[in-house]
Amino acid sequence: MNGGGSKFFSPLWLLLRTNGLQAWRRLLSFRDQSRLLSAAIMVFVAGYLWLAYLLFYKAMRFVSYFPGLGEVLVERMLFLLFAFLFTMLMLSNLIISFTNLFRNRESTYLLTMPVSTDTIFRWKFIESSILASWAFVFLIAPLVTAFGHSQKAPWHFYPITVTLILLFIVLPTVAGSWFAVLLARFMDRRAFQVAAITVAIGAICYVAFGTAPEQMQDDFEDTRVLGLMDRLLKRTDFAQNPVLPSYWLSSGVLRWLEGAFGSAVFFMLVLLSNVLFFGFLSFTRLGKPFYEAASVVQSRGSLFGHWEWFRKWRDFKGQRRYEIGFLERAFAIFKGWLPGDVRAMLVKDIRVFWRDTTQWGQTLMLFGLLGVYIINLRHFSQQLTAPFWIHVVSYLNLGASALNLATLTTRFVYPQFSLEGRRVWIVGMAPIGLPKVVTAKYWLTTIASLGVTLGLTVLSCHMLQLPWERTVMFALAITVMTLTLNGLAVGLGVLYPNFREENPSKIVSGFGGTFCLVLSFLYIVASVVLLAMGTPWPGASDVDLGKVLFGWVGFGLLSVLLGWVPLKLGLKRAAHFEY
Amino acid sequence: MIELLDLVKRFGDLVAVNHISLKVERGEFFAVLGPNAAGKTTTIKMLTGLIKPTSGRALIAGCDVQAQPLEARRKLAYVPDFPFLYDKLTPWEFLRFTGQMFRMEEKQFEAKARTLVERFNLEDFLRKPIEGLSHGTRQRVAIASALLHDPEVFVIDEPMVGLDPHHARVVKDVLKERSLQGMTVFLSTHQLSVAEEMADRIGIIHQGRLVAVGTNEELRRQSGQDGALEKSFLSLTKQEANFNEERGQAAPSAGNK
Ligand SMILES: Nc1ncnc2c1ncn2[C@@H]1O[C@H](COP(=O)(O)OP(=O)(O)OP(=O)(O)O)[C@@H](O)[C@H]1O
Ligand SMILES: [Mg+2]
């Protein structure tokens, strides 16, 4: 670090430099922990880039050969891709901006330093946009490249697209951070809560009733495909709404690709003017609202303080101070089977989870989205008559459920042990012993997550109208995967603990968390492939027994290796743990 | 100089700070005492501008904390009970960061930082990342960097937590010296001995109200107890509780409406 002269000084620049340095050192310490594992992660990353590129490239080629509709479909895919990116970026910006602005020790610290609240907001805005966006940009990078290659784009297509995407990212960040400030400021207002609940109920009703499947009129195979395409195009029409920023981005990219530079530049300018306008507002006008909201968040008595019923309920609870909580009484049922100390641990864990809004909020969102998708499967099941496609979709569902679970086990289960370590004075010192704590946690998270994954899998089989033996098979597979993924997260949590951080998302973003996520993903991809090998679809003519055996045995061995082994190692480590 | 003008803070139904008015002169060493949950940290948070008061104002060296936040913060140093430090930086880098935040000249920074580092015995830790330092060492780094820009007002919440006797002595000496040179110190503590030894005046907060202010001697007189500060403290905070009981309510509570 140098400089610090008084002639020219920009606090924003100082913050950027300091945090940049911090991030760089974090990366280095990450590498120093284990070069081998870092290399494994690099290989995984490269593997993802390559595989995603290849699949999307193939899909593009396949679609573009579609008679008559090829071009429309290709365009539509790009529109959808960017619309999806826009939605995901908005969600992730909302969550990350909220925590980064209002639940962050650095912001609190900076509020006492001689920098303006505008500057603090600017810095947090930049930081949130990077934190919230990098992963999605990384995920879609190979897809956009594949798109360019499949369309034989000239070289200048790529720098233009990259520039446009970078510009584009500003808009969801603006939306996310503004909404986060609003949320923080008005969350406890009655009108705000009523509005939010109305919107949520409306959305659920729309998904449940508004999108009921339409019956197909004709049964001829040829027209049926066209009808399906037609429907597909109609359903995805929303992505081409001209007020969507993703529309400007996609149109700019597509027009450039066609060589219609004039019209491409027009869309770029639309994007640019919006970015400048909203970016400027964010950089100059939000400092004060941010400060007000931060003050409100720090002084909030209770969220529902305005509601009569809540106050009554609280007063009611206040009278019964020494009452034993509901959960504790519920768990008393297990008196014969579970010793008291284990029950106390479980009750504590459930309470902590329940009272941490962000935890179940994120869980609900991930699995809620998946649930909505699965409920919508019935549209397909009537139209996808070929058993091959049903087969493919059912495996994709299995993979999706497991991937969702993997994000959750990494995000919530992995840091559990580290968090407990911070409270070592009570849990680690209690006569229960750490291995028992770890085992209890393992079973709690496994049983809880099994309820969700198993339910979703059975639902998805039902929606696809699979025969019962298939349903049983998928149920078995997801059960084993749930056991494995939890074992991996709990085990690695013990093997790579981090007692310095109190913020679980920081614990996760360290070495062990990344490793856990990568291993989980690898495991899921490999399992889905192995299972697909192990269960040839009913239409297949000759069944290769060797392949079936290989698939199932491979799946079993992999599960033991990645689930049971880490858990055992973790338990062993926990037995004589040094803090 | 610090002025608190009729400060009130409500958390929903709870009145955490209840009409506190107080003036601390330039160069005065002021200590706040009070039982747990009395409202000390909340008062300090309003004084430093971390939260907005429900009503009332706080002035630091003549600047309203809410209306002129930047001027106020430039003259202020605040060390919270659990200070935030950039974990991956070294103490020296953190000191430089603070100096730059307060726009100090390079030369001036060097001179001041070196003196503080020596004073707080931080030489051996200067090149180690902060994340690896012990609690007390981190605390010393935080205090040293807060003193760097010669603040006019120094606010510190529970400063002695985690400091060994030697360094507790150093912190006390440094603060006393500075206060004799004109720095106003506002310190909240549970260690009555610290208040007794260091403070020019002592304030006692109980259930959100400032129940007594004065020198050690004055407090003793007010409580009608003689001897150590401990006796005055216990008697004053107890008297107050009885007083509330007589009025038939524990703490004055008022809803939002
Ligand atoms: N963000 C908040 N929301 C609701 N209530 C709060 C909040 N912060 C503090 N309180 C309440 O305000 C009261 C005063 O708390 P404060 O932290 O000021 O006490 P303190 O005097 O610093 O106590 P201690 O000596 O234990 O540090 C307490 O009853 C506390 O529960
Ligand atoms: Mg306190």
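Owing to the predicted nature of the structure, the values given are computational and were not obtained by experimental measurement.

### Some thoughts on the interface of chain A and chain B
Then step 1. Each partner contributes to the interface: chain A provides 41 residues, whereas chain B provides 38 residues.
Then step 2. Seen at the junction of chain A and chain B, the total is two salt bridges.
Then step 3. For glutamate 292 of chain A, the salt bridge goes to lysine 52 of chain B, with nearest N and O atoms at 2.8 Å.
Then step 4. Seen at the junction of chain A and chain B, the total is 17 residue pairs in polar contact (both at pLDDT 80 or more).
Then step 5. Those elements that provide at least two residues to the side of chain A that touches chain B are α1 (11–33), α4 (105–110), α11 (287–298) and α12 (308–319) of chain A.
Then step 6. Counting residues per element, the side of chain A that touches chain B draws most heavily on α1 of chain A, at eleven residues.
Then step 7. Residues that form the side of chain A that touches chain B fall into these classes: 13 nonpolar, 17 polar and eleven charged.

### Details of the environment of histidine 576 of chain A
All names here are of chain A.
Then step 1. Within the fold, histidine 576 resides in the segment after α23 (545–575).
Then step 2. Assessed through its relative accessible area of 63%, histidine 576 is described here as exposed.
Then step 3. Separated by 142 residues in sequence, histidine 576 and leucine 434 have C-alpha atoms that sit 8.5 Å apart.

### What about the site of ligand 1?
Then step 1. If you check the shell around ligand 1, you find 13 residues, and the closest are Gln298 of chain A together with Lys40, Thr41, Thr42 and His190 of chain B.
Then step 2. One finds residues of chains A and B in close proximity to ligand 1.
Then step 3. In this structure, an oxygen atom belonging to ligand 1 sits 3.2 Å away from a main-chain N or O atom of alanine 38 of chain B.
Then step 4. In the model, an oxygen atom of ligand 1 is placed 2.8 Å from a nitrogen or oxygen of the histidine 190 of chain B side chain.
Then step 5. The protein chains hide 67% of the 630 Å² of surface that ligand 1 would expose on its own.

### What to know about the sheet that holds strand β4 (residues 55–60) of chain B
Neighbouring strands of a sheet are bound in pairs by backbone hydrogen bonds; such pairs are parallel or else antiparallel.
All names here are of chain B.
Then step 1. The four strands are arranged β2-β1-β4-β5 in an open sheet whose pairing can be described as antiparallel. Of all the strands in the sheet, the pair left with one neighbour each is β2 (14–24) and β5 (63–64).
Then step 2. The sheet contact formed by β4 and β5 spans two bridges and is antiparallel. Each bridged residue has a counterpart across the sheet, and for isoleucine 60 the counterpart in β5 is cysteine 63.
Then step 3. Relative to the sheet, helix α1 (residues 40–47) contacts β1 (2–11), β2 and β4, its axis offset from that of β1 by approximately 120 degrees.

### Points about helix α3 (residues 91–101) of chain B
Then step 1. α3 of chain B sits mainly inside the fold: eleven of its eleven residues count as buried.
Then step 2. Turning to α3 of chain B, its buried residues are Pro91, Trp92, Glu93, Phe94, Leu95, Arg96, Phe97, Thr98, Gly99, Gln100 and Met101 of chain B.
Then step 3. Packed against the buried residues of α3 of chain B are α1 and α4 of chain A together with α4 (106–119) and α5 (135–147) of chain B.
Then step 4. Directly after α3 of chain B, the chain includes arginine 103 of chain B, whose backbone phi takes a positive value near 55 degrees.

### Quick notes on the side chain of threonine 137 of chain B
All names here are of chain B.
Then step 1. Mapped onto the elements of the fold, threonine 137 is located in helix α5.
Then step 2. Among the polar contacts made by the side chain of threonine 137, one reaches the side chain of serine 134 at a distance of 2.7 Å.
Then step 3. Apart from the residues within four sequence positions on either side, threonine 137 is in contact with Leu122 and Phe125.

### Describing helix α20 (residues 468–495) of chain A
Then step 1. The end-to-end C-alpha separation of α20 of chain A is 40 Å, in line with the 40 Å expected for 28 residues at 1.5 Å each.
Then step 2. Here α20 of chain A lies mainly inside the structure; 20 of its 28 residues are buried.

### Brief notes about the domain arrangement of chain A
Residue and element names in this part refer to chain A.
Then step 1. We note that the domain assignment places domain 1 (32–188 + 237–299) and domain 2 (339–579) within chain A.
Then step 2. Using C-alpha coordinates to define each centre, domain 1 is positioned 29 Å away from domain 2.
Then step 3. Taken together, the contact pairs nine residues of domain 1 with ten residues of domain 2.
Then step 4. Summed over both sides, the interface of domain 1 with domain 2 buries roughly 970 Å², with 85% coming from carbon and sulfur.
Then step 5. For the domain 1 face of the interface with domain 2, the top three residues by lost area are Leu37, Ile41 and Phe44, together amounting to 52%.
Then step 6. Along the contact surface separating domain 1 from domain 2 lie zero salt bridges.
Then step 7. For the pair domain 1 and domain 2, the interface holds zero residue pairs in polar contact (both at pLDDT 80 or more).

### Examining the packing of α5 of chain B against helix α6 (residues 165–180) of chain B
Residues and elements named next belong to chain B.
Then step 1. It is at 12 Å that the axes of α5 and α6 come closest, and there the two elements cross at 10 degrees. Between α5 and α6, the interaxial angle falls into the category roughly parallel. Where α5 crosses over α6, the two elements pack in a sense that is left-handed. The residues of α6 that touch α5, namely those facing Arg140, Ile143 and Leu147, are His167, Val171, Val174, Leu175 and Arg178.
Then step 2. Grouping the amino acids of the contact of α5 with α6 by side-chain chemistry returns five nonpolar, one polar and two charged.

### Observations concerning unusual backbone geometry
Then step 1. Although it is not a glycine, glutamine 465 of chain A sits at a positive phi angle of roughly 55 degrees.
Then step 2. The topology assignment puts glutamine 465 of chain A in the loop between α19 (434–463) and α20.
Then step 3. Among the residues examined, glutamine 465 of chain A registers a relative accessible area of 60% and is labelled exposed.
Then step 4. In this structure, glutamine 207 of chain B is a non-glycine residue whose phi angle is positive, near 50 degrees.
Then step 5. In this structure, glutamine 207 of chain B sits in the loop between β9 (201–206) and β10 (209–214).

### Re the pattern of salt bridges
All names here are of chain B.
Then step 1. If you walk through the whole model with that rule in mind, you get 28 salt bridges over all chains.
Then step 2. The partner of arginine 220 in a salt bridge is glutamate 217, with the nearest N and O atoms 3.4 Å apart. Here glutamate 217 and arginine 220 lie together in helix α8 (residues 216–223), a separation of three residues that amounts to about one turn.

### Quick word on the nonpolar core
Then step 1. Among the nonpolar cores identified, the biggest contains 113 residues, and Phe102 of chain A together with Phe120, Phe154 and Phe186 of chain B are the most heavily contacted of them.
Then step 2. Counting residues per element, this core draws most heavily on α5 of chain B, at six residues.
Then step 3. Ignoring anything within four residues of it in the chain, the contact list for phenylalanine 154 of chain B reads Ala77, Val79, Ile143, Ala146, Leu147, Leu175, Met183, Thr184, Val185 and Phe186 of chain B.
Then step 4. Ile41, Val413, Ala489 and Val528 of chain A belong to the second largest nonpolar core, which has 57 residues in total.

### Digging into the confidence of the model for chain B
All names here are of chain B.
Then step 1. Predicted confidence across chain B gives a mean pLDDT of 88, with 93% of residues reaching 70 or more.
Then step 2. Every residue in residues 245–257 scores below 50 in pLDDT, and together they form 17 contacts with partners more than four places removed in sequence or on other chains.
Then step 3. As a predicted assembly, this complex carries a pTM of 0.83 together with an ipTM value of 0.84.

### Observations regarding the sheet that holds strand β3 (residues 29–33) of chain B
Residues and elements named next belong to chain B.
Then step 1. Strand order in the open sheet formed by six strands is β6-β7-β8-β3-β9-β10, with mixed pairing between adjacent strands. Strands at the two margins of the open sheet, each flanked by one partner only, are β6 (76–79) and β10. Each adjacent strand pair in this sheet contributes to an overall mean axis angle of 15 degrees, direction not counted.
Then step 2. Bridging between β9 and β10 involves five bridges; their strand directions are antiparallel.

What counts and what doesn't
Numbering of residues begins from 1 in every chain and follows the order in which that chain's sequence is written. Here every chain gets a letter starting at A, and every ligand a number starting at 1, in the order they are written. Restriction of local features to residues with pLDDT of at least 70 applies here, the model being predicted, together with a cutoff of 80 or more for giving and counting side-chain atom pairs; totals for whole chains, interfaces and linings are based on all residues. The side-chain figures draw on all heavy atoms in the structure; neither hydrogens nor water molecules are used. Contacts are assigned to residue pairs that have any heavy atoms within 4.5 Å of one another. Within this document, salt bridges are pairs made up of a side-chain nitrogen of Lys or Arg and a carboxyl oxygen of Asp or Glu, the two lying within 4 Å of each other. Polar contacts, as counted here, are pairs of nitrogen or oxygen atoms within 3.5 Å of one another; within protein the pair requires one atom able to donate a hydrogen and one able to accept it, and residues that are adjacent in sequence qualify only if both atoms are side-chain atoms. Going along the chain from the N terminus, every DSSP run of H or I of four or more residues is numbered as a helix, and every run of E of two or more is numbered as a strand. Three categories are distinguished: nonpolar for Ala, Val, Leu, Ile, Met, Phe, Trp, Tyr, Cys and Pro, charged for Asp, Glu, Lys and Arg, and polar for the others, with Gly belonging to the last. Accessibility here uses a 1.4 Å probe with only protein chains present; expressed as a share of the type maximum, an area under 20% marks a residue as buried, one over 50% as exposed, and anything in between as partly exposed. Put simply, a residue is near a molecule or strand once any heavy atom of it comes within 4 Å of that molecule or strand. Under the convention used here, a 1.4 Å probe and the Shrake-Rupley method define accessible areas, while residue burial counts only the protein chains that appear. One bridge is not enough; two strands pair if DSSP finds at least two bridges between them. Think of each axis as a best-fit line through the C-alpha atoms, taken over the contacting stretch in the case of a helix, with angles from 0 to 180 degrees between the N-to-C directions. To estimate the expected span of a helix, count its residues, drop one, and scale the result by 1.5 Å. Segmentation into domains, and thus their bounds, comes from an automatic or database assignment. In short, buried area is how much 1.4 Å probe accessible area vanishes from two parts on joining, totalled over both. Oblique is the label for any angle not covered by the other classes, which are roughly parallel (under 35 degrees), roughly antiparallel (over 145) and roughly perpendicular (65 to 115). For any helix crossing, the convention is left-handed if the near helix is rotated counterclockwise from the far helix by under a right angle, and right-handed if that rotation is clockwise. The criterion is simple. A nonpolar core is a set of buried Ala, Val, Leu, Ile, Met, Phe, Trp, Tyr and Cys residues joined through side-chain atoms within 4.5 Å. A score between 0 and 100, pLDDT records how confident the predictor is in each residue.

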